[in-house]
Structures are given as C-alpha cells and as structure tokens.
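As a plain string of letters, each chain reads:
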Amino acid sequence: QGVEVQTDYVPLLNSLAMYGWQLTCVLPTPIVKTNREGNLSTKQIVFLQRPSLPQKAKKKESKVNNH
C-alpha cells in the first residue's frame, strides 16, 4: 500500500518499432536498488521480436540459378 510503480516503455518501443521490433514479454528480476531519496528501482528483462528478414544467401542462390 502507498506504493506507486512508474514504467515508461513508450520511448523505447517507439524507437524500435520503426525497425519492426515488437514487445513480447517483460520479466521482473529480484534486483531492487534504493537511491538517495529512498525510491526503489527494479531491473526488468525486456524481450522483443520482429518478423524474420529474407536471408541474403537465398537471394544469391536464386540469382546463380537464373544465369
């Protein structure tokens, strides 16, 4: 009670979204630190994914076969 949790992933997600990355999962960790003002901070592990890109090797093979 009396605890306020503040997280703001919006800037991170917006900067990565332009490259196709999407947030899939956020895992809290047991790491908790206290700063000089007495505020607690925690570490979290953020998982992102994006669709697979065509492999360059496959493109080269198709070019070789066309010659």
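None of these values were measured; they are calculated from a predicted model.

Undergrad: Honestly, the pairing of strand E1 (residues 22-34) in this entry has me stumped. Any pointers?
TA: Within a regular strand, side chains alternate between the sheet's two faces. Two elements, E1 and strand E2 (residues 40-49), share nine bridges in a ladder whose sense is antiparallel. The residue bridging Thr34 from the neighbouring strand is Leu40, located in E2. From the end of E1 to the start of E2, which pair antiparallel, there are five residues, and Gly38 there has a positive phi angle of about 90°.

Undergrad: Could you clarify how one ought to interpret the side chain of Thr29 in this entry?
TA: Along the chain, the position of Thr29 falls in strand E1. Engagement of the side chain of Thr29 in a polar contact is seen with the backbone oxygen of Lys43, the distance being 2.7 Å.

Undergrad: Hey, could you run me through the environment of Trp21 in this one?
TA: Along the chain, Trp21 turns up in the loop between helix H1 (10-17) and E1. When the C-alpha positions of Trp21 and Arg50 are compared, they lie 4.6 Å apart, and in sequence the two are 29 residues distant. Beyond its immediate sequence surroundings of up to four residues, Trp21 is in contact with Leu16, Leu48, Gln49 and Arg50.

The rules behind each value
Residues numbered from 1 in each chain as written. Predicted model: local features only at pLDDT ≥ 70, side-chain atom pairs only at ≥ 80, totals over all residues. Heavy atoms only, no water. Pairing = 2+ DSSP bridges. Helix = DSSP H or I, 4+ residues; strand = E, 2+ residues; numbered from the N terminus. Polar contact = N/O pair within 3.5 Å; in protein donor to acceptor, adjacent residues only side chain to side chain. Contact = heavy atoms within 4.5 Å.

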